[in-house]
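As a plain string of letters, each chain reads:
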Amino acid sequence: MTEQLSRKQLLDASRRMVELGLNRGTAGNASVRCGGDILITPSALPVAEMTEQDMVLLDAEGKVLQGGKPSSEWRFHRDILKARPEIGAVLHMHSTFATTIACLGRDVPAVHYHIAIAGGDTIRCTPYSVFGEQNLSDLALEALHGRKACLLGNHGMIALGKDLADALSVALEVEYLCEIYWRTLQAGEPHILTQQQMHEVQEKFVGYKKRS
Ligand code: 13P
């Protein structure tokens, strides 16, 4: 894929996150692999004003190769892409329901079997840590172990995918799960699926493929 196409896809994904209500204003950011480098959204620029040329090219260590100021969260984008070779895109959102659960400081339990889409029977939530710092990246990497999503305490959500479309579909599932968890908490005591029940789901998901 050419760098120009990656720039377009990164802008499209950033716009979709806003259209879908997952982000607003300058909240959130996104990155995608670009050869051995990383293309990432710029810092503090509302998506409505972003152009393809505003995307910032970083090397694998996070050094700016081309463009202006990268997202303040470039450390966790860099560290995730470095640690997880199967992952091609990283999305960060301050979506309402994921952030609500993150503000409760709770992991999302197996309240619905679709949690398996994020890679396990929980979605972990990190402790609170100030945005843009290495400590937040370290906590995120730990919470993402074996998972395609995590919550950042008092902050938001990270979703991963093999490409931007995959990461966006994971993000939508996580937001839905967090909404269901929140709603069940309002109505009573959520019924949580057991490890055995989740194991069965993981096995069934292996043979369940989206028709393309
Ligand atoms: P940036 O505009 O620097 O990407 O920061 C937004 C954000 O969501 C920080 O967590």
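Scoring rules and cut-offs
- Residues numbered from 1 in each chain as written.
- Predicted model: local features only at pLDDT ≥ 70, side-chain atom pairs only at ≥ 80, totals over all residues.
- Heavy atoms only, no water.
- Pairing = 2+ DSSP bridges.
- Helix = DSSP H or I, 4+ residues; strand = E, 2+ residues; numbered from the N terminus.
- UniProt positions renumbered as here; feature names shortened; annotations may be inferred.
- Patch = residues over 30% accessible without salt bridge, like charges linked within 9 Å, V, L, I, M, F, W, Y side chains within 5 Å.
- Areas by Shrake-Rupley, 256 points an atom, 1.4 Å probe, with all protein chains shown as cover.
- Salt bridge = Lys/Arg side-chain N within 4 Å of Asp/Glu carboxyl O.
- Near = heavy atom within 4 Å.
- Polar contact = N/O pair within 3.5 Å; in protein donor to acceptor, adjacent residues only side chain to side chain.
- Nonpolar A, V, L, I, M, F, W, Y, C, P; charged D, E, K, R; others polar.

Participant: Tell me what's going on with the pairing of strand E2 (residues 37-40), and back it up with residues and numbers.
Facilitator: In this sheet, E2 lies alongside strand E1 (residues 29-34) in antiparallel orientation, the contact comprising 4 bridges. Note on E2: the bridge partner recorded for Arg-33 is Ile-38. Taking the residues that link successive antiparallel strands as the turn, the E1-E2 hairpin has 2 residues, and the phi of Gly-35 there is positive, at about 60°. Judged from the 3 bridges that link them, E2 and strand E3 (residues 56-58) form a sheet pairing that is antiparallel.

Participant: Describe the UniProt feature "domain: Class II aldolase/adducin N-terminal" (unreviewed entry) in the chain, and please don't skip the residues or the numbers.
Facilitator: UniProt's feature table lists "domain: Class II aldolase/adducin N-terminal" (unreviewed entry) at residues 8-182, given in the numbering used throughout. Across residues 8-182, the secondary structure splits into 34% helix and 18% strand, with the terminal C-alpha atoms separated by 35 Å.

Participant: Describe a nonpolar patch on the surface, naming the residues involved and giving the relevant values.
Facilitator: On the surface, Tyr-128, Val-130 and Phe-131 cluster together into a nonpolar patch covering about 330 Å² of accessible area. Mapped onto the secondary structure, Tyr-128 falls in the loop between helix H3 (96-104) and helix H4 (134-143).

Participant: Residues and numbers for the site of the ligand, please.
Facilitator: Residues in contact with the ligand amount to 13 residues; listed here are only the nearest, Ser-43, Ala-44, Ser-71, Ser-72 and Glu-73. Between the ligand and the protein, one listed contact pairs an oxygen atom with a side-chain N or O atom of Ser-43 at 2.6 Å. Contacts to the ligand include His-155, whose side-chain N or O atom sits 3.0 Å from an oxygen atom. Isolated, the ligand exposes 300 Å² of accessible area, and the fraction of that covered by the protein chains is 92%. Along the lines of polarity and charge, the residues of the shell around the ligand split into 3 nonpolar, 9 polar and 1 charged.

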